Amino acid sequence: MAAATRGQGLPLAPRDIVLKAALRSMDSKLDLSDPPIVEAVLDIDCDLPPTQDLVAMEALGHDRLKDAYPTTPDRQWLQEYRVEAKQEASATSISARHAVQAIRFRQSDGLQLVQLRAQGYSFNRLAPYGTLDDHLGEIERTWRIYCDLAAPLEVRQVRLRYINRILLPMPEQAGVDLDRYLRLGPRLPEGSQLELLSFLNQYTAHEADTGLQTNVTLTLQPEENGHLPIIFDNGVLSPGTGAPDDWAGLRERIEALRNLKNRVFKNTLTDECLTLFRKRKP
């Protein structure tokens, strides 16, 4: 069983994260021709000027991004309600806040979008997804556009999240032995005569020598066309500040996160499971 710790200490500087993560990069490479990724998300959270106005950036953003993201932008809203009870039993006050949280720009096929958020920038890619290298050029281009429009003061943290949907083969009139596919899976009490119907495994951890964090959720979905779907939500986070105009440093942080994400992916699944994502050569 993994040990739990009380404190995580201060996060390392981004450069230290990169140097330590580079030592593990060779062990993190994935050779998957058919990855089970249904969505990949990159979030860059920033400190922003207090005068930032997302709505005012919508038309400017559309003008700068319309060649690759021609659809009409849409808005993500936040609605908050607050009820406050006064000392008098019958006296209460109700307040509400309705604000735009993000402006979203989509490609024509709907598979890729860029978000200008109240807290920063996001890049979303749906399946089919190849590798992060396929998208780093577009991420850099749209990040620079975001910086021109939003004038972020400082990068606060970077997050990379991959949602995987793994279809395990399910023989007729037989269950699936999850131990064949998951190194870290659910366990039932010995001798209980129980049959697993569903499960939810979740943990958050940090890597002591880099300060990078991982957030993992594994859960089961109902049987589908002779397969048992497993959702593997694999998220990683890099805390620490950085300069918005330092793309080289930002890219290195993103690649360090990818290395950790890949190691978590490989070490959660068995070799038999990884084989499901490698297409056989004819």
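Quick caveat: nothing in here was measured; it's all calculated off a predicted structure.

Visitor: Describe unusual backbone geometry, and please don't skip the residues or the numbers.
Guide: Going from alanine 127 to proline 128, the amide bond is cis rather than trans, its omega being 5°. Its location among the elements puts proline 128 in the loop between strand 5 (120–126) and helix 3 (136–150). Of note, asparagine 225 is a non-glycine position whose phi angle comes to about 50°, a positive value. Turning to its location among the elements, asparagine 225 is positioned in the loop between strand 8 (213–220) and strand 9 (227–242).

Visitor: Describe helix 2 (residues 54–65), listing the residues and the values that go with them.
Guide: Every buried residue belonging to helix 2 is among Leu54, Met57, Glu58, Gly61 and Leu65, and all of these are buried. End-on view of helix 2: buried residues confined to an arc of 125°, all on one side of the axis. Capping of helix 2 at its N-terminal end is provided by aspartate 53; its side-chain oxygen lies 3.1 Å from the backbone amide nitrogen of valine 55.

Visitor: Provide a residue-level description of the pairing of strand 4 (residues 112–117), including the pertinent values.
Guide: Across the six residues that make up strand 4, a large majority, six, are buried. Of the two faces of strand 4, the one lined by Gln112, Val114 and Leu116 and the one lined by Leu113, Gln115 and Arg117 are each fully buried. Where strand 4 lies against strand 5, six bridges are found, and the strand directions are antiparallel. Residue pairing across strands places leucine 113 opposite asparagine 124, the latter belonging to strand 5. Hairpin connection of strand 4 to strand 5: two residues between the antiparallel strands.

Visitor: Can you break down the pattern of salt bridges residue by residue, with the values?
Guide: Enumeration according to the criterion identifies 20 salt bridges in this entry. Between arginine 263 and glutamate 207 there is a salt bridge, and its shortest N-O distance comes to 3.1 Å. Of this pair, arginine 263 sits in helix 4 (residues 247–268) while glutamate 207 sits in the loop between strand 7 (200–206) and strand 8; the two residues are 56 residues apart in sequence, bridging distant segments of the chain. Taking the relative accessible area as the measure of exposure, arginine 263 reaches 13% and is therefore buried. A cluster of three or more residues bridged by salt bridges with shared partners is formed by Asp43, Asp45, Arg117 and Arg159.

Here is what the cut-offs are and how they apply
Residues numbered from 1 in each chain as written. Predicted model: local features only at pLDDT ≥ 70, side-chain atom pairs only at ≥ 80, totals over all residues. Heavy atoms only, no water. Helix = DSSP H or I, 4+ residues; strand = E, 2+ residues; numbered from the N terminus. Buried < 20%, exposed > 50% of the residue type's maximum accessible area, 1.4 Å probe, protein only. Arc of directions from axis to C-beta. Polar contact = N/O pair within 3.5 Å; in protein donor to acceptor, adjacent residues only side chain to side chain. Pairing = 2+ DSSP bridges. Salt bridge = Lys/Arg side-chain N within 4 Å of Asp/Glu carboxyl O.

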